[in-house]
Amino acid sequence: MKKIYVFLLFVFLLGFVGLDKASGQCEYCQYPSRCNFVNYTIECNGQTFPIQAVICYNCDNNRAVYAQVLEISYPAEFEWYYLNNPQCSDAVWDSLWTNIRRKSFELCGYVACPNTVTIYRTFPICGEFIYEGPPGHEFIRKRFHPDGCNLRCVVEYRVCYNFDAGTFEEEFTSLEYFGSCPRDAGFPGVIPPGTEPFRIGCAQLWSVRDCPR
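Each value, and the rule that gives it
- Residues numbered from 1 in each chain as written.
- Predicted model: local features only at pLDDT ≥ 70, side-chain atom pairs only at ≥ 80, totals over all residues.
- Heavy atoms only, no water.
- Phe/Tyr/Trp six-rings, centres within 6.5 Å; stacked < 30°, edge-to-face > 60°.
- Helix = DSSP H or I, 4+ residues; strand = E, 2+ residues; numbered from the N terminus.
- Buried < 20%, exposed > 50% of the residue type's maximum accessible area, 1.4 Å probe, protein only.
- Lys NZ or Arg CZ within 6 Å of the ring centre and 35° of its normal.
- Disulfide = S-S within 2.5 Å.

Caption draft 1: Quick peek at the packing of aromatic side chains. Following the criterion strictly, the structure yields 22 aromatic pairs and no others. Summarising the aromatic geometry, the rings of Phe-49 and Tyr-81 are spaced 5.1 Å apart at their centres and angled 50 degrees between planes, so their arrangement reads as tilted. Here the residue Phe-49 occupies a position in strand β2 (residues 47–60), and Tyr-81 occupies one in helix α2 (residues 78–84), the gap between them amounting to 32 residues. Accessibility expressed as a relative area gives 14% for Tyr-81, which makes it buried. When the ring of Tyr-131 is compared with that of Phe-198, the centres are 5.4 Å apart and the planes differ by 20 degrees; the resulting orientation is stacked. Residue Tyr-131 is found in strand β5 (residues 126–132), and its partner Phe-198 is found in strand β9 (residues 198–204); the two are separated by 67 residues along the sequence. For Phe-198, a relative accessible area of 27% translates into the label partly exposed. Three or more aromatic residues joined by ring pairs form one cluster here, namely Phe-49, Tyr-74, Phe-78, Trp-80, Tyr-81, Tyr-82, Trp-93, Phe-123 and Trp-206. Its guanidinium or amino end placed over the ring of Trp-97, Arg-121 lies 4.3 Å from that ring's centre, counting from NZ or CZ. Cation over ring: Lys-142 sits above Tyr-82, and NZ or CZ is 5.8 Å from the ring centre.

Rendered as structure tokens:
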């Protein structure tokens, strides 16, 4: 029994260590907002890639949900597929929106049609770019950063849940940009395998400064 307690304590501590390392962006998501991790996979050209997003949710009493994407990370090799295959890019954002929409209703309550809730989803366009190793396990992290390099876009949808059909119904409302990004903030592009880990405090996170819808 004593060995079991020791093992459980070890696992418990490991969990805290891992969470602390992974949840750094959650410091920008303060109560009553809630920080949430979304893990999903994308299939592109016959290959499957894991994606993780860190999202901050805030439920407003006026039937509005604010969902800010604080970080997106994935294997470095996926960057090439992302840039050269539009369907891969679409899959990233479509799957992420599906998760955001579902989680928004879970956290803030289901709104039955014909009533609607307004969901504002915010994406980082410029911010912090991190390339991390070790070699053979490279990951790219693209992060919101609250300083002079924080260009973001917000997409507004009106959404409701059709309980009869068991589906969401949505209507695109608007799209706008806010924040700023220096002109000289460039996009790192595809990084050759074996590159030493590095961090860029201010970078253009995507190949174009456009907002995904």
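The rest of the description comes next.
Caption draft 2: Highlighting the state of the cysteines. Throughout the structure, instances matching the rule amount to eight disulfides. A sulfur-sulfur separation of 1.9 Å characterises the disulfide bridge that pairs Cys-113 with Cys-160. One disulfide, between Cys-113 and Cys-160, carries an S-S torsion of 90 degrees and so falls in the right-handed class. Of this pair, Cys-113 sits in the loop between α3 (86–108) and β4 (117–124) while Cys-160 sits in strand β7 (residues 152–162), placing them 47 residues apart in sequence. A sulfur-sulfur distance of 1.9 Å marks the disulfide that ties Cys-153 to Cys-211. Of note, the bridge from Cys-153 to Cys-211 carries an S-S torsion of about 65 degrees and is right-handed in sense. Placement of the pair is Cys-153 in strand β7 and Cys-211 in the segment after β9, with a sequence separation of 58 residues. Residue classification places Cys-211 among the buried residues on the basis of a relative accessible area of 12%.

As far as function goes, none of this settles anything; it's purely spatial.
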